[in-house]
Amino acid sequence: MAEAQQGPRARYREQTRAEIKEVALRQLADGGVAALALTRIAREMGLSGPALYRYFASRDDLLSALIRDAYDDAAAAIGVAAATAEDRAPRERLHVLAAAYRDWAIAEPHRYLLIQGSPVPGYVAPADTLERARAVLGPFLPVFAGGSPGAGVASVVDRMAAWLETDAGVGSWVAGYAPDAAGDGGASAGALAGVLLAWAQLHGAVGLEVAGQFAGMGHDGKTLLAAQTGMLADAFGLE
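Before going into details, it helps to say that this report is about the structure given with it.

Procedures and definitions
Residues numbered from 1 in each chain as written. Predicted model: local features only at pLDDT ≥ 70, side-chain atom pairs only at ≥ 80, totals over all residues. Heavy atoms only, no water. Helix = DSSP H or I, 4+ residues; strand = E, 2+ residues; numbered from the N terminus. Buried < 20%, exposed > 50% of the residue type's maximum accessible area, 1.4 Å probe, protein only. Contact = heavy atoms within 4.5 Å. Salt bridge = Lys/Arg side-chain N within 4 Å of Asp/Glu carboxyl O. 1 Å grid on protein atoms, 1.4 Å probe; cavity = no way out; pocket = protein on both sides within 12 Å on 5 of 7 lines; lining within 4 Å. Points joined across faces, edges and corners; volume = space filled by probe spheres on them. Polar contact = N/O pair within 3.5 Å; in protein donor to acceptor, adjacent residues only side chain to side chain. Axes fitted to C-alpha atoms, helices over the stretch in contact; angles between N-to-C directions. Parallel < 35°, antiparallel > 145°, perpendicular 65-115°, else oblique. Nonpolar A, V, L, I, M, F, W, Y, C, P; charged D, E, K, R; others polar.

1. Focus on the side chain of Arg 134
- Topologically, Arg 134 is positioned in helix α7 (residues 129-137).
- Under the relative-accessibility criterion, Arg 134 is labelled buried at 11%.
- Setting aside chain neighbours within four positions, we find Arg 134 in contact with Trp 163, Asp 167, Gly 169, Val 170, Trp 173 and Tyr 177.

Okay, structure coming up:
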């Protein structure tokens, strides 16, 4: 009986939280994190300030919810791409995943910048965002696990091997996405090195494009990303 009575209240609470996040996302799209203001959100929704704080305790609480959602949606997009390409050769899979990463960022630039842009002064992300961030990059791990890293990336592979020895959580992350590499230190380190370099290249190319830095340069960001992805595949011997 009590659950039945609380059901509608719980649904209303979730609907209101979702509406608050929608308004917050519009503010982000208009002016970035600096434009995010709970008082403006309350005013737009016809709520009092104290009423809004019943749904989000602070601006940081709201930011955390938006960041979690952004990571989850990005991970879902990458996951769909990984599923459609799982039977393809590693090099082609890498290109598919890189393109999916870019496509999501271009479609959701304000959300991409929220999770990959400049840190918000004074804000500390909750611990669970680490797993969400790893979910975005996880599908890249099996692509690199079967590669043959060349001399040019050997130093990165060595550093990743050292990381694996000191952080059991990283090993679990690799094993969860690339089970064939579990227990194989070389394959796991190679997979981690590939993902680290892929992330750096993706964020570099995609972040510049999303921020409008390529304007007036006469090229499509897709072209640059494809070239970088091809060079990364070469560095790891992906066929």
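2. Describing the pattern of salt bridges
- Using the criterion set out here, one finds 13 salt bridges in the structure.
- A salt bridge links Asp 69 to Lys 21; the nearest nitrogen and oxygen atoms lie 2.8 Å apart. Here Lys 21 lies in helix α1 (residues 2-31) and Asp 69 lies in helix α4 (residues 59-84), a separation of 48 residues in the sequence.
- Overall, Asp 69 belongs to the partly exposed group, its relative accessible area being 27%.
- Note that Asp 220 and Arg 102 form a salt bridge whose closest N and O atoms lie 3.3 Å from each other. Note that Asp 220 is positioned in the loop between α11 (185-210) and α12 (221-235) and Arg 102 in helix α5 (residues 90-107), a separation of 118 residues in sequence.
- On the basis of relative accessible area, Asp 220 is assigned to the partly exposed category, the value being 38%.

3. Some remarks on empty space enclosed by the protein
- In total, this model carries two cavities of 30 Å³ or more according to the counting rule given.
- Space inside the largest cavity adds up to approximately 70 Å³.
- Taken together, Ala 74, Ile 78, Ala 100, Tyr 101, Trp 104, Tyr 112, Ile 115, Gln 116 and Val 136 make up the full set of residues lining the largest cavity.
- Sorting the residues of the lining of the largest cavity by element identifies α4, α5 and α6 (109-116) as the ones contributing at least two each.
- Here the second largest cavity defines a volume of roughly 60 Å³.
- If you go around the second largest cavity, the residues you meet are Leu 94, Ala 98, Phe 140, Ala 198, Gln 201, Leu 202, Leu 225, Gln 228, Thr 229 and Leu 232.

4. Looking at the environment of Arg 91
- Among the structural elements, Arg 91 can be located in helix α5.
- Sequence spacing of Arg 91 and Ala 35 is 56 residues, and the spatial spacing of their C-alpha atoms is 41 Å.
- Sequence-distant contacts of Arg 91, defined by excluding residues within four places in its chain, comprise Gly 230, Ala 233, Asp 234, Leu 238 and Glu 239.
- Looking at Arg 91, its side chain comes within polar contact range of the main-chain oxygen of Leu 238, at 3.3 Å.

5. Here we look at the packing of α4 against α6
- Following both chains from N to C, one finds α4 and α6 inclined at 110°, their axes separated by 9 Å at the closest point. Taken as axis vectors, α4 and α6 run roughly perpendicular relative to one another. From α4, Leu 63, Leu 66, Ile 67, Asp 69, Ala 70, Tyr 71 and Asp 73 reach across to α6, where they touch Arg 111, Leu 114, Ile 115 and Gln 116.
- Residues that form the contact of α4 with α6 fall into these classes: seven nonpolar, one polar and three charged.

6. Regarding the layout of surface pockets
- Put simply, the largest pocket is a space of about 330 Å³.
- Lining the largest pocket are 14 residues; nearest its centre among them are Ala 133, Arg 134, Leu 137, Trp 173 and Trp 199.
- Contributing elements (two or more residues each) for the lining of the largest pocket: α7 and α11.
- Among the elements that take part in the lining of the largest pocket, α7 stands out by supplying five residues, more than any other.
- Of the volumes computed, that of the second largest pocket is approximately 240 Å³.
- Leu 114, Ile 115, Pro 119, Tyr 123 and Ala 125 are the residues nearest the centre of the second largest pocket, which is lined by 14 residues in total.
- Among the elements of the structure, α4, α6 and α7 are those that each provide at least two residues to the lining of the second largest pocket.
- Per-class residue counts for the lining of the second largest pocket are ten nonpolar, four polar and no charged.

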